[in-house]
Amino acid sequence: MLLQLISKLFESDETDYNQYDIVIQINDKVLPIDKRNIYLLPLNELLLEKNYGEISGGGVLKEEPGEIIFCDIHVKLYDEKITKNILKDIMILLENCGAPKGSKIIIEKTHQEIPFGKNEGIAIYLDGKNPAEKEEEYNVDFVQSEISKRTNTSQSTERYWKGNSTTGLYFYGQSFEKMNTEVSHFMNAHPLYKSARIAQIA
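Residues numbered from 1 in each chain as written. Predicted model: local features only at pLDDT ≥ 70, side-chain atom pairs only at ≥ 80, totals over all residues. Heavy atoms only, no water.

J.: With reference to specific residues and values, describe the sheet that holds strand E7 (residues 159-162).
T.: What the four strands build is an open sheet, ordered E7-E8-E6-E9; its pairing is antiparallel. Edge positions in the sheet fall to E7 and strand E9 (197-200), since each of these pairs with one other strand and no more. The mean angle between the axes of side-by-side strands here comes to 20 degrees, regardless of whether they run parallel or antiparallel. The pairing of E7 with strand E8 (residues 167-173) spans four bridges and is antiparallel. (Pairing = 2+ DSSP bridges. Helix = DSSP H or I, 4+ residues; strand = E, 2+ residues; numbered from the N terminus. Axes fitted to C-alpha atoms, helices over the stretch in contact; angles between N-to-C directions.)

This is how it looks when you write it as structure tokens:
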């Protein structure tokens, strides 16, 4: 499916893609230090091994309250011609690293977007509408541990965001529906967390 999509893009006019830079936008609410270990280091190893190019920058995009929307990686390719194999190798690697659905490669010169990603994501927002004294009783470590066990989403890093009155916890796995069912069971079994808001993020 992925290779068919890339092939279709190149069938239109291959010369349109003869430029250097691509931006890899990963739909993962991961902290910058963890992005380095999860995505940057493996990608850098691939680029060097295949002599495709090098990482030239990147960062994270945040909403006004400070919650991460996505992270991106800028890549400078050595060859002027961007081939199907280069894009395929990069996307397969990042999917193996856990890149969620909603991720994409953006070819800067043409602004062409090529979607990729396999995992789905769920966010749990511990509701800031609770009284302050109740919020202090939240045990974030307990919630992360229990949700990871129930959803079978053991992660190499904990994904979270702490706002002024809201805490967001993020989990990525094969099926949002299955994760949502398990999260709902957990919330119903623990009254303190029943007001938490659940959202699909990938």
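J.: Lay out the packing of helix H5 (residues 140-151) against helix H6 (residues 176-189) with the relevant residues and their values.
T.: Between H5 and H6, the least distance of the axes is 9 Å, while the angle of their chain directions is 135 degrees. Relative to H6, H5 is oriented oblique. Note that H5 runs across H6; the crossing there is right-handed. Here Phe-142, Val-143, Glu-146, Ile-147, Arg-150 and Thr-151 of H5 lie close against H6, whose contacting residues are Met-179, Glu-182, Val-183, His-185 and Phe-186. Split into classes, the residues belonging to the contact of H5 with H6 amount to six nonpolar, two polar and three charged. (Parallel < 35°, antiparallel > 145°, perpendicular 65-115°, else oblique. Left-handed = near helix turned anticlockwise from the far one by under 90°. Contact = heavy atoms within 4.5 Å. Nonpolar A, V, L, I, M, F, W, Y, C, P; charged D, E, K, R; others polar.)

J.: Please set out the packing of helix H2 (residues 32-50) against helix H3 (residues 84-96) residue by residue, giving values where relevant.
T.: Viewed as axis vectors pointing N to C, H2 and H3 meet at an angle of 150 degrees, and their least axial separation amounts to 10 Å. By the angle between their axes, H2 is roughly antiparallel relative to H3. The handedness of the crossing between H2 and H3 comes out as right-handed. Residues Tyr-39, Pro-42, Leu-43, Leu-46, Leu-47 and Lys-50 of H2 lie in contact with H3, whose contacting residues are Asp-89, Ile-90, Leu-93 and Leu-94.

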